[in-house]
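The primary structure of each chain is shown beneath.
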2 protein chains.
Amino acid sequence: MSQFRQNPISKHWVLIAPNRSKRPEQFAQAQVISQNMPEIIPACVFCPGNEAKNDDILRYPKGKNWQIRVIPNKFEALSDVPLTADKEFYVSRSGTGDHEVVITRKHNEPIALQSITTVVDTLKILQQRYLELAKHPQLAYIQIFYNHGREAGASLIHPHFQIIATPFVPNGIHDEITGCYHYYQAEKKCIYCAIMEEERKQNERVFYETEDFIVLAPYASRSPFETWILPKKHASNFEEVSEKEMSQLANVLKFVLGRLYIKLSDPPLNFYIHTMPLAQAGHSAHRKEVYHWHLVIFPRIAIWAGFEYATGIPINPMPPEDAVKFLK
Amino acid sequence: MSQFRQNPISKHWVLIAPNRSKRPEQFAQAQVISQNMPEIIPACVFCPGNEAKNDDILRYPKGKNWQIRVIPNKFEALSDVPLTADKEFYVSRSGTGDHEVVITRKHNEPIALQSITTVVDTLKILQQRYLELAKHPQLAYIQIFYNHGREAGASLIHPHFQIIATPFVPNGIHDEITGCYHYYQAEKKCIYCAIMEEERKQNERVFYETEDFIVLAPYASRSPFETWILPKKHASNFEEVSEKEMSQLANVLKFVLGRLYIKLSDPPLNFYIHTMPLAQAGHSAHRKEVYHWHLVIFPRIAIWAGFEYATGIPINPMPPEDAVKFLK
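Residue positions are given per chain, counting from 1 as you read along its sequence in written order. Labels are handed out in written order, letters beginning with A for the chains and numbers beginning with 1 for the ligands. At least 70 in pLDDT is required for a residue's local features to be given in this predicted model, at least 80 for side-chain atom pairs to be given and counted, and no such filter applies to totals for whole chains, interfaces and linings, which use all residues. Only heavy atoms go into the side-chain values, all of them from the structure, while hydrogens and water stay out.

1. Quick look at the overall build of chain A
Okay, so step 1: The secondary structure listing takes helices from DSSP runs of H or I that are at least 4 residues long and strands from runs of E that are at least 2 residues long, numbered from the N terminus. Secondary structure assignment for chain A yields 6 helices and 14 strands.
Okay, so step 2: With C-alpha atoms as the basis for the radius of gyration, the globule rule is written as 2.2 Å multiplied by the number of residues raised to the power 0.38. On C-alpha atoms alone, chain A measures out to a radius of gyration of 20 Å, which is about the 20 Å that the 2.2 N^0.38 rule sets for 328 residues.
Okay, so step 3: Taken across its 328 residues, chain A has 59% of its residues classed as buried.
Okay, so step 4: The contact criterion used throughout is that any non-hydrogen atoms of two residues lie within 4.5 Å. Considering only contacts in chain A between residues 6 or more positions apart, those separated by 24 or more positions represent 70%.
Okay, so step 5: If you sum the accessible surface of chain A, you get close to 13,200 Å²; carbon and sulfur atoms cover 51% of it.
Okay, so step 6: Counting rule for charge: Lys and Arg are taken as positive, Asp and Glu as negative, and neither His nor the chain ends is counted. Charge coordinates come from a single atom per side chain, which is NZ of Lys, CZ of Arg, CG of Asp or CD of Glu. Put simply, chain A has 36 plus and 35 minus side-chain charges, and the middle of one group is 4 Å from the middle of the other. Relative accessible area decides the class of each residue, using a 1.4 Å probe on protein chains only: under 20% of the type maximum gives buried, over 50% gives exposed, and in between gives partly exposed. What sets the accessible areas is the Shrake-Rupley method with a 1.4 Å probe; for residues, cover comes only from the shown protein chains.

2. Description of the pairing of strand β1 (residues 3-6) of chain A
Okay, so step 1: Residue alternation in β1 of chain A divides its side chains into two sets, Gln 3 and Arg 5 of chain A and Phe 4 and Gln 6 of chain A, and both sets are buried.
Okay, so step 2: Strand pairing requires that DSSP identify at least two bridges connecting the strands. Of the strand pairs in this sheet, β1 of chain A and strand β5 (residues 91-94) of chain B are connected by 4 bridges, and their pairing is antiparallel. Bridge pairing links Gln 6 of chain A to Val 91 of chain B in β5 of chain B.
Okay, so step 3: The pairing of β1 of chain A with strand β2 (residues 13-16) of chain A spans 4 bridges and is antiparallel. When the bridges of β2 of chain A are listed, Arg 5 of chain A appears paired with Val 14 of chain A.
Okay, so step 4: The turn joining β1 of chain A and β2 of chain A, which pair antiparallel and follow one another in sequence, is formed by 6 residues; a positive phi near 65° is taken by Lys 11 of chain A.

3. Quick look at the interface of chain A and chain B
Okay, so step 1: Facing the 77 residues of chain A at the interface are 77 residues of chain B.
Okay, so step 2: The term buried area means the drop in 1.4 Å probe accessible area that two parts suffer when joined, counted for both and summed. Carbon and sulfur atoms supply 63% of the area buried between chain A and chain B, which totals about 6,400 Å² over both sides.
Okay, so step 3: Any carboxyl oxygen of Asp or Glu that lies within 4 Å of a side-chain nitrogen of Lys or Arg is treated as forming a salt bridge with it. Linking chain A to chain B there are 0 salt bridges.
Okay, so step 4: For the purposes of these results, a polar contact is taken to be a pair of N or O atoms within 3.5 Å, where, inside protein, one atom must be able to donate a hydrogen and its partner to accept one; residues adjacent in sequence count only when each atom of the pair is a side-chain atom. Our count for the contact surface shared by chain A and chain B stands at 20 residue pairs in polar contact (both at pLDDT 80 or more).
Okay, so step 5: Nonpolar residues are Ala, Val, Leu, Ile, Met, Phe, Trp, Tyr, Cys and Pro. Charged residues are Asp, Glu, Lys and Arg, and all others, Gly as well, are polar. Along the lines of polarity and charge, the residues of the side of chain A that touches chain B split into 39 nonpolar, 23 polar and 15 charged.

4. Quick word on the packing of aromatic side chains
Residue and element names in this part refer to chain B.
Okay, so step 1: Ring pairs shown here join Phe, Tyr and Trp side chains whose ring centres sit within 6.5 Å, with only the six-membered ring taken for Trp; geometry is labelled stacked below 30 degrees between planes, edge-to-face above 60, and tilted in between. Across all of its chains, the model carries 38 aromatic pairs over all chains by this definition.
Okay, so step 2: Measuring from centroid to centroid gives 4.9 Å for Tyr 146 and Phe 271, while their planes differ by 10°, and the two rings are stacked. Pair noted here: Tyr 146 is in strand β7 (residues 141-148) and Phe 271 is in strand β12 (residues 269-274), with a separation of 125 residues, a long-range link. Taken as a pair, Tyr 146 and Phe 271 share a single burial class, namely buried.
Okay, so step 3: Between Phe 238 and Trp 293, the ring centres sit 5.4 Å apart and the planes meet at 70°, which makes this aromatic pair edge-to-face. Of this pair, Phe 238 sits in the loop between β11 (227-231) and α4 (243-263) while Trp 293 is found in the loop between β12 and β13 (294-299), placing the two residues 55 residues apart along the sequence.
Okay, so step 4: Taking NZ or CZ as reference, Arg 69 lies 6.0 Å from the ring centre of Trp 66, over its face. Whether a charge sits over a ring depends on NZ of Lys or CZ of Arg being within 6 Å of the ring centre and within 35 degrees of the ring normal.

5. Details of the side chain of Asn 270 of chain A
Okay, so step 1: Tracing the chain through its elements places Asn 270 of chain A in strand β12 (residues 269-274).
Okay, so step 2: The exposure class assigned to Asn 270 of chain A is buried, which follows from its relative accessible area of 0%.
Okay, so step 3: Of note is the side chain of Asn 270 of chain A, whose polar atom sits 2.9 Å from the backbone oxygen of Ala 152 of chain A.
Okay, so step 4: Leave out the neighbours within four places in its chain, and Asn 270 of chain A touches Tyr 146, Asn 147, Ala 152, Val 296, Ile 297, Phe 298 and Arg 300 of chain A together with Ala 305, Gly 306 and Tyr 309 of chain B.

6. A short note on the confidence of the model for chain A
Residue and element names in this part refer to chain A.
Okay, so step 1: Scored from 0 to 100, pLDDT records how confident the predictor is in each individual residue. When pLDDT is averaged along chain A, the result is 91; 93% of the residues meet or exceed 70.
Okay, so step 2: When the criterion is pLDDT under 50, residues 81-85 qualifies, and its contacts beyond four places in sequence or with other chains add up to 15 contacts.
Okay, so step 3: The ipTM, which scores confidence in the relative placement of chains, is 0.94 for this predicted complex, and the corresponding pTM is 0.94.

7. Here we look at the packing of helix α2 (residues 171-187) of chain B against helix α3 (residues 191-202) of chain B
All names here are of chain B.
Okay, so step 1: Fitted lines through C-alpha atoms serve as axes, helices being fitted only where they are in contact, and the angles separating the N-to-C directions of these axes extend from 0 to 180 degrees. Running from N to C, α2 and α3 point in directions that differ by 75°, and their axes come no closer than 9 Å. Taken together, the axes of α2 and α3 are roughly perpendicular relative to one another. Residues Glu 176, Cys 180 and Tyr 183 of α2 lie in contact with α3, whose contacting residues are Ile 191, Tyr 192 and Ala 194.
Okay, so step 2: When its residues are assigned to classes, the contact of α2 with α3 shows 5 nonpolar, no polar and 1 charged. Relative orientations are named as follows: roughly parallel for angles under 35 degrees, roughly antiparallel for angles over 145 degrees, roughly perpendicular for angles from 65 to 115 degrees, and oblique for any other angle.

8. A look at unusual backbone geometry
Okay, so step 1: Cis geometry is found at the peptide bond from Tyr 60 of chain A to Pro 61 of chain A, where omega equals -15°.
Okay, so step 2: Topologically, Pro 61 of chain A is positioned in the loop between β3 (58-60) and β4 (68-72).
Okay, so step 3: The phi dihedral of Asn 203 of chain B is positive, around 50°, even though this residue is not glycine.
Okay, so step 4: Here Asn 203 of chain B is to be found in the loop between α3 and β9 (206-209).
Okay, so step 5: One non-glycine residue, Phe 225 of chain B, adopts positive backbone phi at about 70°.
Okay, so step 6: Assignment of secondary structure puts Phe 225 of chain B in the loop between β10 (213-216) and β11.

9. Here's the deal with the nonpolar core
Okay, so step 1: Residues enter a nonpolar core if they are buried and are Ala, Val, Leu, Ile, Met, Phe, Trp, Tyr or Cys, with the set joined through side-chain atoms within 4.5 Å. Membership of the largest hydrophobic core comes to 89 residues, with the highest contact counts inside it found for Tyr 192 and Trp 228 of chain A together with Tyr 192 and Trp 228 of chain B.
Okay, so step 2: Of the residues forming this core, the biggest block, 6 residues, is contributed by α2 of chain B.
Okay, so step 3: Those residues in contact with Trp 228 of chain B, other than ones at most four positions away along the chain, are Ile 9, Tyr 192, Ile 195, Ile 214, Val 215, Leu 216, Pro 218, Leu 295 and Val 296 of chain B.
Okay, so step 4: Counting residues in each nonpolar core, the second largest holds 53 residues, with Ile 68, Ala 112, Ile 125 and Val 215 of chain B among its members.

10. Quick word on the relation of the copies chain A and chain B
Okay, so step 1: The transform that puts chain A on chain B rotates by 180° and translates by 0.0 Å along the axis, for an RMSD of 0.0 Å. Here the two chains are linked by the operation of a two-fold rotation axis. Taking C-alpha positions as the reference, the residue of chain A nearest the rotation axis is Glu 151 of chain A, at 4.3 Å.
Okay, so step 2: Interface residue correspondence from chain A to chain B reaches 100%, placing this contact among same-surface, isologous pairings. Alignment of copies: least-squares fit on C-alpha atoms of residues with pLDDT of at least 70 in both copies.

Below, the structure is given as structure tokens:
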């Protein structure tokens with residue numbers, strides 16, 4: 001019944017342990033939250049009317065009727081004053097970096113419910129901010145991510161993306177690229193390209209396809225309904241996605257999030273884009289032919305507990321094959 | 001204000017990003033949950049009266065008035081039938097292993113509120129079950145852990161430890177021992193012993209000490225109020241802890257959990273014991289002089305979000321120095 005599965009890139013294990021007493025629809029939340037809220041909430045700092053509470057980095061379109069707005073993060077995770085001086089035994093570095101928030105106008109419209117125009121425009125603005133931040137010579141990596149729902153760590157309900165830029169390549173990214181590099185050295189091809197090939201063959205975990213993108217549940221899913229969106233053609237850098245592809249990506253993202261919204265009643269989730277570190281990170285294994293940018297959707301349905309934190313092995317009660325059958 | 005800190009063993013980074021608008025006591029829960037419940041709840045499968053719903057592995061003392069009971073896990077995460085056959089591209093293995101639950105009698109008595117006799121007896125029974133499971137030639141590692149509170153993944157409120165034994169050494173454990181091994185090769189000493197020495201010198205993060213144990217907040221704490229309990233004398237194996245040390249460990253554990261219970265109003269938390277893999281795992285770096293067993297308490301107060309899952313860098317809003325000052 002249960003099975004350990006290895007992620008072919010990181011070599012990390014997960015334990016797929018189906019809970020036979022629970023059908024897929026029972027992973028759904030008790031109720032749909034987002035659509036029961038008003039479009040504007042006066043107490044929400046991200047809502048129209050409260051613009052004065054945050055500085056502007058960008059508004060699109062300009063003026064009062066903005067649909068998308070970029071602001072610096074107020075509770076800034078990163079700043080450039082070190083907390084304490086370095087001690088010899090331990091290694092630290094000051095939190096130089098950047099943290100921006102990308103807000104869409106309506107309080108009650110998560111991406112699943114947004115117009116396709118809004119999704120396309122938001123992705124384009126994310127790309128634009130990425131390119132702007134990438135100019136800083138001190139930065140090494142830029143992380144774009146999205147938190148939806150309190151259980152997914154979203155402190156504010158109002159839909160918003162976040163961008164955090166770090167002065168070094170985070171362990172998680174570096175380890176993943178190292179896994180890709182080892183595969184590339186052995187097989188002379190990109191492991192994500194190989195995964196897509198294999199998934200088409202096995203035909204159990206592919207959820208959706210368009211001309212340029214494929215959507216699948218990874219073999220070693222760490223969470224029920226974990227979903228990856230991958231460009232079909234090998235490409236390492238999100239910031240190089242063309243306008244045509246971006247509009248397709250918006251459609252795919254809205255489709256997948258919409259399916260999760262409906263089938264699982266607006267579940268809490270995170271999603272994030274993994275892309276190549278900046279050129280200035282200057283690592284010899286960070287090569288365009290080795291890495292493949294992608295978007296990971298990570299529903300927060302099974303709570304990680306002591307076993308996960310102790311061993312690094314997530315227990316996933318929902319086999320990805322069943323998840324795809326249910327979502328399709 | 002914010003600072004990246006590196007864990008000296010795993011070399012993983014955390015971001016200490018103090019939330020200046022939040023005082024330590026504001027990390028407390030809204031209310032104390034455990035002590036407002038009755039001692040026995042007829043609907044709880046772990047409560048006295050419902051013994052027939054689970055098989056017995058052990059009762060202490062024997063009979064109806066057991067104080068501690070060991071049962072096999074009903075929703076068994078591990079079993080020995082593979083879910084699907086292996087596919088060439090992906091690597092899997094069947095979930096052979098063991099999963100046991102160690103229950104204390106009273107529904108409303110988490111460890112913080114238990115008598116010291118109960119805590120001592122429970123730890124001794126955990127050690128006894130460890131030694132029993134360690135005999136299986138197919139097992140490689142035994143994980144003892146505890147989940148408290150729904151937000152920490154506890155599906156049942158009734159206080160219980162869990163033991164999961166795996167047929168291979170989990171990545172998290174292996175990576176940690178590898179970190180210890182590298183340090184040992186360079187410095188000819190155990191890194192945990194070196195950390196204790198350094199922490200006594202810096203004297204900012206040591207929370208409590210007894211003859212045989214030290215309690216500290218790690219330099220690169222991943223969560224507000226993360227706490228480590230370490231034996232002072234170098235020792236790699238939890239199952240070799242003496243009776244005298246075990247009674248001291250029980251006192252230390254109850255003291256720390258009690259402090260968290262009172263100061264943070266019964267927070268959700270996980271804790272787990274990291275100990276040497278079994279001899280049959282047979283890895284050459286798994287040497288007694290290299291590894292140091294310890295207990296990690298991981299309060300689930302800051303929810304990990306998209307940034308944490310994307311990059312592997314936890315954002316911790318509570319500097320461990322401030323956490324210790326508050327708990328002391």
